[in-house]
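Residues per chain, in single letters:
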Amino acid sequence: MIGLRTVLAALAMVAAGASAQAQTVYKVGSTPTGTPFTFLDAKTNTIQGMMVDVIEEIGKDQGFKVEIQPMQFSALIAALTSGKIDIISAAMYGSPERAKVVDFSKDVYAYGEGLVVSTKDEKDYGGFDDLKGKKVGAQIGTRYIDALKAAGTAAEVNAYDSLPDILRDVSNGRLDAGIGDYPILAYNLAQGRFPQLRLVKSYKPSVPGPINIAVKQGNAELLGKIDAGLAAIKKDGRFDAILKKWGL
């Protein structure tokens, strides 16, 4: 005869299994070259970073799991609108232009762009106006490309797939300067990866703004979960712990 305790244990296992199967898994697009926000960890061959931690903690709070999908920054929005991914969690500004095609969460973190030049270049750059006659690189899909072109001061504005590519070309002299997300540039240089470069301290950002998590337009249910989860982790200290972990 089967004991009551055995029956209850079996029922609990069945309920737990059903719950696990019912838990939704969302595909999240993140970039492999946005340290410390998102990057490819060579040791684990997985995408890690601040924005990965944030969406994972939101998922824990809201009862869903995430599956991180690595892709180039310029491919993120197309992947979201076509349904290849469900969420973008990367160093992406929730700009008005992008908000025309995707829906953004509440602000996650805010910053502006930074400027890197060779250590041999000792000029105190203040902004775009000081880049007259310079060859400047910026990342495809960012607002910096359009802002640099609109300023009309740089002799050339070259588009790159990733910030490391820009940093390499400034290092080898193919570019005079590179523009990119300030925290990512600062992190790369702090790691000693590009000793020939310096982050210009006198430079003032021309394109400041917040980064946000994105979902497909009209997906109010998912956006509501993300906003609720983000508010919860900011309130209970988990968000601050993530920032501290990544030196932000």
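Reading the values: rules and limits
- Residues numbered from 1 in each chain as written.
- Predicted model: local features only at pLDDT ≥ 70, side-chain atom pairs only at ≥ 80, totals over all residues.
- Heavy atoms only, no water.
- Helix = DSSP H or I, 4+ residues; strand = E, 2+ residues; numbered from the N terminus.
- Buried < 20%, exposed > 50% of the residue type's maximum accessible area, 1.4 Å probe, protein only.
- Contact = heavy atoms within 4.5 Å.
- Areas by Shrake-Rupley, 256 points an atom, 1.4 Å probe, with all protein chains shown as cover.
- Lys, Arg positive; Asp, Glu negative; His and termini not counted.
- Charge placed at Lys NZ, Arg CZ, Asp CG, Glu CD.
- 1 Å grid on protein atoms, 1.4 Å probe; cavity = no way out; pocket = protein on both sides within 12 Å on 5 of 7 lines; lining within 4 Å.
- Points joined across faces, edges and corners; volume = space filled by probe spheres on them.

Student: Could you give an account of the overall build of the chain, with specific residues and numbers?
Tutor: Each helix and strand counted, the chain has 8 helices and 15 strands in total. Projected onto its principal axes, the C-alpha positions of the chain cover 85 × 35 × 30 Å. For the chain, the proportion of its 248 residues judged to be buried stands at 44%. For the chain, the proportion of contacts with a sequence separation of at least 24, taken over those separated by at least 6, is 69%. As displayed, the chain has an accessible area near 12500 Å², and 53% of this comes from carbon and sulfur atoms. Here the chain contributes 29 positive and 27 negative side-chain charges, whose respective centroids are spaced 3 Å apart.

Student: Got a sec to walk through empty space enclosed by the protein? Specific residues and values, please.
Tutor: In total, this model carries 1 cavity of 30 Å³ or more according to the counting rule given. Looking at the largest cavity, its volume works out to about 140 Å³. Lining the largest cavity we find 17 residues, and of these Phe 73, Ala 91, Gln 139, Thr 142 and Asp 181 sit closest to its centre. Elements represented by at least two residues in the lining of the largest cavity include exactly strand 2 (33-34) and helix 4 (143-151).

Student: Outline the layout of surface pockets, supporting the account with residue identities and numerical values.
Tutor: Its volume calculated, the largest pocket comes out at about 170 Å³. Considering the residues around the largest pocket, the lining is formed by Pro 32, Thr 33, Thr 35, Phe 39, Leu 40, Asp 41, Ala 42, Pro 164, Tyr 187, Asn 188 and Arg 193. Put simply, the parts of the chain that give the lining of the largest pocket at least two residues each are strand 3 (38-41) and helix 6 (182-190). At 3 residues, the largest contribution of residues to the lining of the largest pocket is made by strand 3.

Student: Could you give an account of the side chain of Thr 35, naming the residues involved and the relevant values?
Tutor: Structurally, Thr 35 is set in the loop between strand 2 and strand 3. Among residues more than four places away in sequence, those in contact with Thr 35 are Pro 183, Ile 184, Tyr 187, Asn 188 and Arg 193.

As far as function goes, none of this settles anything; it's purely spatial.
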